[in-house]
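Survey of secondary and tertiary structure
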Amino acid sequence: MQKIRKQIRGLYLSTMAGNLSFTGAWVAILAARGYSLAQIGLAETVFHITSLIFEIPSGVLADLFGRKKMLVLSSILRMIGNVVMILSGNLFMVCISLAFYATSYNFASGSGDALAYDSLKLVQGEAYYERYASNQLMIYRFCGALSTLCAGFALLIGHRAAYGADILMSVIQIGILLSLYEAKVSDKNEWKAAELTGSVKSALAECLLESLTFMKRERKAIALMFANSFVGAMDILLLFFLQAKLPAAGMPRWALGFALFFMEMGGILGAKIILKWKRLRYRNLFAVTAALVLSGVLMEHSGMWLFMMAGGFIAAFADDALQVRTDATLQDSFPSEQRATLISMESFTFSVIMVALSPLAGLFFSWW
């Protein structure tokens, strides 16, 4: 049991290292470099198109070759993205950098949660996973909030120094990841990986086919993925564009970091409170959280920055509350052999929605 606790602590520390940076307010940084909201929306679209391409393959690779290896690869890809952003001098290079960030996210998205769930499963601790998911979201939000709090400092030191500091954090994260171990609930994928010489494509196809068969049989899982992705996409887009809209609404620039920090705290509150609402049916939870996020979007259009900030807080609260419940519900139904692949499919649905909404949101927020 002590080994499992160390494993979970390592995953927590990895999340901290992966999300603490001076570049959390990347929209504000790009805006300060002279890029328009429409251009930023296009760059965001490139991010999600890349995610569409690599999301599911990354999950399949994690199931076949090991979740720990893919987490390390994720950190390396993030470092490459930082280097490209440092060297970037035009929108094309920015888009290339975001493509590397997207693949980094792809290789981490399913691998970390799958490794955590199967580690807990080894000691019959699956019931703890919802608390783990809640803690991870709170760490993610808090680190993201600290990063956005540094928005003013990032603008002061320049984007090159800020992204250079991110490279250092990636090195630290790799060190943490190397201390983890691969949780093996089943040996099924181990022998598959051992037979991959000359047959990588067939092995990937087989693993993907098994996952698609599961999704076809469990249509409720698809519904949960799209419901959660819709709420999450609306929240993410709102918080992204508020980075540029709040100063335009009259907020002093020195207060931007504090405002973004406050809004991220809404997610921490939502991830914590949902643990006390275990009897709330998923359908009702979705209706409440969707209404709250849409309310946040409407508040953004008030033109009053205090009201807009409150809308961002409410949207983050709703998003993380639904995310924790969705994660726990889906994980309980996923087979271990395809766990990372199926988690990646959830991220895939999120990217589908974001690809459709990102350019529209960029134009919408630019014109309003």
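Since we're looking at a predicted model, the values are computed, not measured.

Secondary structure summary: the protein chain contains 15 helices and 0 strands in total. Only carbon and sulfur atoms are counted for the fraction: they give 70% of the accessible area of the protein chain, which is about 15800 Å².

Here the second largest pocket defines a volume of roughly 180 Å³. Every residue along the wall of the second largest pocket is listed here: K220, A223, L224, A227, R281, Y282, R283, R325 and T329. If you list the elements that add at least two residues to the lining of the second largest pocket, you get helix 11 (219-248), helix 13 (282-300) and helix 14 (305-333). Its residues assigned to classes, the lining of the second largest pocket shows 4 nonpolar, 1 polar and 4 charged.

Before going further, it helps to examine the packing of helix 6 (residues 129-149) against helix 14. Direction vectors running N to C along helix 6 and helix 14 enclose 145 degrees, while the axes themselves pass 9 Å from each other. Helix 14 is crossed by helix 6, and the crossing has right-handed handedness. Mapping the contact onto sequence places Y129, E130, A133, S134, L137 and R141 in helix 6 and A316, D319, D320, Q323, V324, R325, D327, A328 and Q331 in helix 14. Split into classes, the residues belonging to the contact of helix 6 with helix 14 amount to 6 nonpolar, 3 polar and 6 charged.

On the surface, a nonpolar cluster with roughly 270 Å² of combined accessible area is contributed by I49, I53 and F54. Considering the arrangement of structural elements, one finds F54 in helix 3 (residues 37-65). Using a relative accessible area of 37% as the deciding quantity, one classes F54 as partly exposed.

Scanning all chains against the criterion turns up 9 salt bridges. Here D320 ties to R141 by a salt bridge, and the two come within 2.8 Å at their closest N and O atoms. With D320 in helix 14 and R141 in helix 6, the pair connects residues that are 179 residues apart, well separated along the chain. The residues D320 and R141 share a single accessibility class, namely buried.

Despite not being glycine, Q124 has its phi angle at roughly 55 degrees, a positive value. Residue placement: Q124 occurs in the loop between helix 5 (91-121) and helix 6. The exposure class of Q124 is exposed, given its relative accessible area of 65%.

Among the nonpolar cores identified, the biggest contains 51 residues, and L242, L246, M251 and M263 are the most heavily contacted of them. Of the residues forming this core, the biggest block, 10 residues, is contributed by helix 11. In this structure, L242 is in contact with P247, M263, E300, M308 and G312, ignoring residues within four places of it in sequence. If you look at the next biggest cluster of nonpolar residues, it comprises 25 residues, including L30, L37, F240 and A244.

Let us look at the packing of aromatic side chains. Remark: the centre distance and the inter-plane angle together describe each pair of aromatic rings, the angle taken between the planes. Taken as a whole and judged by the stated rule, the model has 6 aromatic pairs. Ring geometry for Y117 and Y129: centres 5.3 Å apart, planes at 70 degrees, overall edge-to-face. Taken together, the residues Y117 in helix 5 and Y129 in helix 6 connect sequence positions 12 residues apart. On the basis of relative accessible area, Y129 is assigned to the buried category, the value being 2%.

Our next topic: the confidence of the model for the protein chain. For the protein chain, the average pLDDT comes to 84, and 88% of its residues sit at 70 or higher. Mean pLDDT across the secondary structure elements of the protein chain bottoms out at helix 9 (residues 188-194), with 47, and peaks at helix 4 (residues 67-87), with 95. Long-range and interchain partners of residues 190-198, a stretch whose pLDDT sits below 50, account for 9 contacts in this model, where long-range means more than four residues apart.

As for its position among the elements, A310 is in helix 14. By relative accessible area, which is 26% here, A310 ends up partly exposed. Along the chain, A310 and A259 lie 51 residues apart, while their C-alpha atoms are 9.3 Å from each other.

Bringing the packing of helix 6 against helix 12 (residues 256-273) into the picture now. Packing of helix 6 against helix 12 leaves a shortest axis separation of 8 Å and a crossing angle of 175 degrees. Classed by the angle they form, the pair helix 6 and helix 12 counts as roughly antiparallel. Only G257, F258, L260, F261, E264, M265, G267, I268, A271 and K272 of helix 12 make contact with helix 6, whose side of the interface consists of R131, S134, L137, M138, R141, F142, G144, A145, L146, T148 and L149. Tallied by class, residues from the contact of helix 6 with helix 12 come to 12 nonpolar, 5 polar and 4 charged.

Under the 1.5 Å per step criterion, the end-to-end length of helix 13 is 27 Å for 19 residues, consistent within 8% with the ideal 27 Å. Within the span of helix 13, buried status applies to Y282, L285, T289, A290, V293, G296, V297, M299 and E300.

Turning next to the environment of A17. Within the secondary structure, A17 sits in helix 1 (residues 2-19). Assessed through its relative accessible area of 4%, A17 is described here as buried. With 156 residues separating them along the chain, A17 and Q173 place their C-alpha atoms 5.3 Å apart. Once residues within four sequence positions are removed from consideration, A17 is found in contact with R78, M169, I172, Q173 and I176.

Definitions and limits used
- Residues numbered from 1 in each chain as written.
- Predicted model: local features only at pLDDT ≥ 70, side-chain atom pairs only at ≥ 80, totals over all residues.
- Heavy atoms only, no water.
- Helix = DSSP H or I, 4+ residues; strand = E, 2+ residues; numbered from the N terminus.
- Areas by Shrake-Rupley, 256 points an atom, 1.4 Å probe, with all protein chains shown as cover.
- 1 Å grid on protein atoms, 1.4 Å probe; cavity = no way out; pocket = protein on both sides within 12 Å on 5 of 7 lines; lining within 4 Å.
- Points joined across faces, edges and corners; volume = space filled by probe spheres on them.
- Nonpolar A, V, L, I, M, F, W, Y, C, P; charged D, E, K, R; others polar.
- Axes fitted to C-alpha atoms, helices over the stretch in contact; angles between N-to-C directions.
- Left-handed = near helix turned anticlockwise from the far one by under 90°.
- Contact = heavy atoms within 4.5 Å.
- Patch = residues over 30% accessible without salt bridge, like charges linked within 9 Å, V, L, I, M, F, W, Y side chains within 5 Å.
- Salt bridge = Lys/Arg side-chain N within 4 Å of Asp/Glu carboxyl O.
- Buried < 20%, exposed > 50% of the residue type's maximum accessible area, 1.4 Å probe, protein only.
- Core = buried A, V, L, I, M, F, W, Y, C linked by side-chain atoms within 4.5 Å.
- Phe/Tyr/Trp six-rings, centres within 6.5 Å; stacked < 30°, edge-to-face > 60°.
- pLDDT = per-residue confidence, 0-100.
- Parallel < 35°, antiparallel > 145°, perpendicular 65-115°, else oblique.
- Expected span 1.5 Å × (residues − 1).

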